[in-house]
Amino acid sequence: MGFARTCSVALVGVEGVVVEVQADLEPGVAAFTLVGLPDKSLTESRDRVRAAVVNSGGEWPQKKLTVGLSPASVPKGGSGFDLAVACAVLGAAERIDPRVLADIVMIGELGLDGRVRPVRGVLPAVLAAADAGYEQVVVPECTAAEAALVPGVSVLGVRSLRQLIAVLTDEPVPQEESDETGRPDAMLAGLCVPGSGLGAGLGGATDDAHALDLADVVGQVSARTAVEVAAAGAHHLFLQGPPGAGKTMLAERLPAILPRLTREESLEVTAVHSVAGMLPPGKPLVDVAPYCAPHHSATMQSLVGGGKGLARPGAVSLAHRGVLFLDEAPEFSGQTLDSLRQPLESGHVVIARSAGVVRLPARFLMVLAANPCPCGRHLQPGGGCECPASVVRRYQGQLSGPLLDRVDLKVEVEPVTRSELSGYGTRGESTRSVADRVREARERAAARLADTGWRTNSEVPGHALRTRWPAAPGALETAESDLERGFLTARGLDRVLRVAWTVADLAGHDRPRAQDVALALQLRTGISRGVPMTIGAAQ
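Basis of the calculations
Residues numbered from 1 in each chain as written. Predicted model: local features only at pLDDT ≥ 70, side-chain atom pairs only at ≥ 80, totals over all residues. Heavy atoms only, no water. Helix = DSSP H or I, 4+ residues; strand = E, 2+ residues; numbered from the N terminus. Buried < 20%, exposed > 50% of the residue type's maximum accessible area, 1.4 Å probe, protein only. Contact = heavy atoms within 4.5 Å. Areas by Shrake-Rupley, 256 points an atom, 1.4 Å probe, with all protein chains shown as cover. Lys, Arg positive; Asp, Glu negative; His and termini not counted. Charge placed at Lys NZ, Arg CZ, Asp CG, Glu CD. Salt bridge = Lys/Arg side-chain N within 4 Å of Asp/Glu carboxyl O. Pairing = 2+ DSSP bridges. pLDDT = per-residue confidence, 0-100. Polar contact = N/O pair within 3.5 Å; in protein donor to acceptor, adjacent residues only side chain to side chain. Phe/Tyr/Trp six-rings, centres within 6.5 Å; stacked < 30°, edge-to-face > 60°.

In terms of helices and strands, the chain carries 22 helices and 17 strands. In the chain, which comprises 539 residues, the proportion classed as buried is 50%. Within the chain, contacts between residues at least 6 apart in sequence are counted, and of these 73% link residues at least 24 apart. Accessible surface for the chain amounts to roughly 23,600 Å². Of this, 51% is attributable to carbon and sulfur atoms. On the chain, the mean spot of the 53 positive side-chain charges and the mean spot of the 60 negative ones are 4 Å from each other.

Right, here's the structure in full:
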């Protein structure tokens with residue numbers, strides 16, 4: 001009887017569980033049994049592994065073979081177990097020393113010719129292995145850079161099963177010929193599966209030379225201020241105005257003024273994108289804020305996550321630590337929009353399925369854009385809107401009160417005038433200038449919140465703001481008066497205080513003053529409070 005074991009990783013959402021792959025050979029009729037709650041793609045690994053071993057020059061054992069995946073209670077899927085299964089079988093057949101395999105984690109799919117193909121989710125899989133105390137990981141060669149992002153783990157990237165066998169048996173390592181035909185590398189197909197992104201318009205801030213510049217937006221002083229405040233404090237933003245006023249332009253330029261992700265944030269975002277198959281080739285680490293703009297026909301499952309079996313990341317998770325832009329927000333279904341209420345509060349999504357419960361990160365900056373009515377000309381001078389009042393109410397009612405109550409900033413985007421379009425030398429501030437102010441404001445907030453678990457003003461609970469970091473004396477009188485008159489909810493008052501702290505950070509104040517709170521109220525309610533819609537004015 002021969003026995004060998006090695007390890008691989010099963011992904012549950014964006015979290016990994018180390019799985020022990022055991023192979024047992026016994027005398028009897030040649031058969032291959034795979035146990036341990038595998039799914040269809042994993043069950044098919046029996047044929048892939050057999051062909052890969054034979055085509056790699058190995059001898060397939062003609063005995064009764066049982067491969068077990070432990071713990072058996074954890075659902076397992078995908079083709080990433082192929083490499084571990086093949087090595088466990090070869091270890092049981094004594095082609096490889098079983099003692100060498102015991103402490104190695106192997107991740108990769110096998111082609112019938114023995115090539116090791118990449119799979120999605122390598123980063124979270126290696127993170128799980130490192131957390132479990134493993135120090136050696138074998139992955140496909142083209143994902144070795146992604147696996148190497150995890151500190152304290154020795155990563156071996158292999159191109160074929162032949163190479164791995166040679167390394168484990170101290171034999172000369174054969175050289176595998178690379179494909180230099182100029183065609184797209186078919187080996188990368190496993191990393192970017194069509195339809196796996198779940199969010200059209202996924203992208204991120206690019207290099208400064210190619211980033212969309214905020215100076216391209218003509219006029220819109222109030223909206224530009226709101227975008228700057230949203231970026232500085234990670235506040236949700238609602239832009240309402242007629243078509244062509246610049247709502248989409250402002251939203252597209254928001255990621256470029258957000259600070260670059262920290263190392264911890266980069267690993268979080270990269271793990272989600274790796275599982276979803278959205279990592280761009282040649283860039284294993286996402287270090288800029290992602291941008292996701294799903295179409296208004298998106299389903300609730302594509303927005304918050306879902307799918308058959310264990311849930312997959314949706315648009316809210318792909319926008320983690322970045323921007324989720326919902327253009328034409330009233331055109332989304334009401335159920336889809338209301339599904340955002342929970343992740344907006346908690347910063348994560350919990351999806352329960354019969355196969356298990358998955359927790360996905362979803363701390364994003366949401367930007368809603370909407371026209372005033374279906375035709376977009378409601379209340380516009382000379383607009384000629386012919387939408388009945390009932391249609392306008394129904395259209396605007398698609399955005400429920402509880403959802404809008406979670407939005408910190410609400411701004412009317414006015415149509416651009418002829419003089420603004422034709423004016424020369426009147427361009428607004430560039431993205432670089434605004435990004436510098438946003439970075440400085442984030443640094444002030446980070447210094448203030450250094451001994452807490454919060455990073456931005458939008459995350460701080462209202463009780464902590466009122467007790468640990470109170471505003472200047474008398475600064476909240478107007479806001480508290482609005483609360484008593486029913487113009488603000490208790491949640492709304494907390495959000496006004498958070499925005500006021502962000503305004504104070506941008507203006508360089510040690511705590512919010514009356515003018516900061518007035519501007520925060522103006523940005524939230526859209527009602528003029530007698531202060532200019534610019535940071536630092538009239539302070």
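This structure, assessed with the given rule, holds 29 salt bridges. For the salt bridge of Arg406 with Glu345, the shortest nitrogen-to-oxygen distance reads 3.5 Å. Separated by 61 residues along the polypeptide, Arg406 in the loop between helix H16 (401–405) and strand S17 (409–412) and Glu345 in helix H14 (residues 341–346) bring together distant segments of the chain. Residue Arg406 is classed as buried on the basis of its relative accessible area, which comes to 10%.

The buried fraction of strand S16 (residues 365–370) is high, at six of six residues. Along S16, one buried face is formed by Leu365, Val367 and Ala369 and the opposite face, lined by Met366, Leu368 and Ala370, is buried too. The sheet contact formed by strand S13 (residues 323–326) and S16 spans four bridges and is parallel. Among the inter-strand pairings, Leu326 is bridged to a residue of S16, identified as Leu368.

Averaged over the chain, the pLDDT score is 88; the fraction of residues at 70 or greater is 91%. The low-confidence segment residues 196–201, where pLDDT is below 50, has 20 contacts with residues more than four positions distant or belonging to other chains.

Within a regular strand, the side chains alternate between the two sheet faces. Summarising burial for strand S1 (residues 2–12): eight of the eleven residues are buried, a large majority. Looking at chain direction, S1 and strand S2 (residues 15–26) are connected through eleven bridges and run antiparallel. Residue Gly2 lies in a different strand from S2, and its bridge partner there is Leu25. The turn joining S1 and S2, which pair antiparallel and follow one another in sequence, is formed by two residues; a positive phi near 70° is taken by Gly13.

The next point concerns helix H9 (residues 247–257). Helical geometry: 3.6 residues make up each α-helical turn, so side chains three or four residues apart lie on a common side. Restricting attention to buried positions, one finds in H9 the residues Lys247, Leu250, Ala251, Arg253, Leu254, Pro255 and Ile257. Looking at the buried residues of H9, the elements they touch are helix H8 (221–233), strand S11 (237–240), strand S12 (290–292), S13, S16 and helix H18 (431–448).

Right, let's get into the side chain of Thr270. With respect to the secondary-structure elements, Thr270 resides in helix H10 (residues 263–276). A distance of 3.0 Å separates the side chain of Thr270 from the backbone nitrogen of Val286, its partner in a polar contact. In this view, Thr270 contacts Leu123, Leu279, Pro284, Leu285 and Val286; residues no more than four positions away in its chain are not counted.

The subject of this paragraph is the packing of aromatic side chains. As enumerated under the stated definition, the model contains three aromatic pairs in all. With 5.6 Å between their ring centres and 45° between their planes, Phe32 and Trp60 make a pair best called tilted. Of this pair, Phe32 sits in strand S3 (residues 31–35) while Trp60 sits in the loop between helix H2 (45–55) and strand S4 (64–70); the two residues are 28 residues apart in sequence, bridging distant segments of the chain. Look at Trp60 and you get buried, because its relative accessible area is 11%. Pairing Tyr291 with Phe325 gives two aromatic rings, centres 6.4 Å apart and planes at 25°, and the pair type is stacked.

What follows deals with the environment of Val21. Relative to the elements of secondary structure, Val21 occurs in strand S2. For the pair Val21 and Met106, spaced 85 residues apart in the sequence, the C-alpha separation amounts to 9.8 Å.

This part covers helix H5 (residues 122–131). Buried residues dominate H5, accounting for seven of its ten residues. Regarding H5, the residues found buried are Val122, Leu123, Pro124, Ala125, Val126, Ala128 and Ala129. Considering only its buried residues, H5 is in contact with S1, S2, strand S5 (104–106), strand S8 (136–140), helix H6 (144–147) and H10. Of the residues trailing H5, Gly133 is marked for its positive phi of about 95°.

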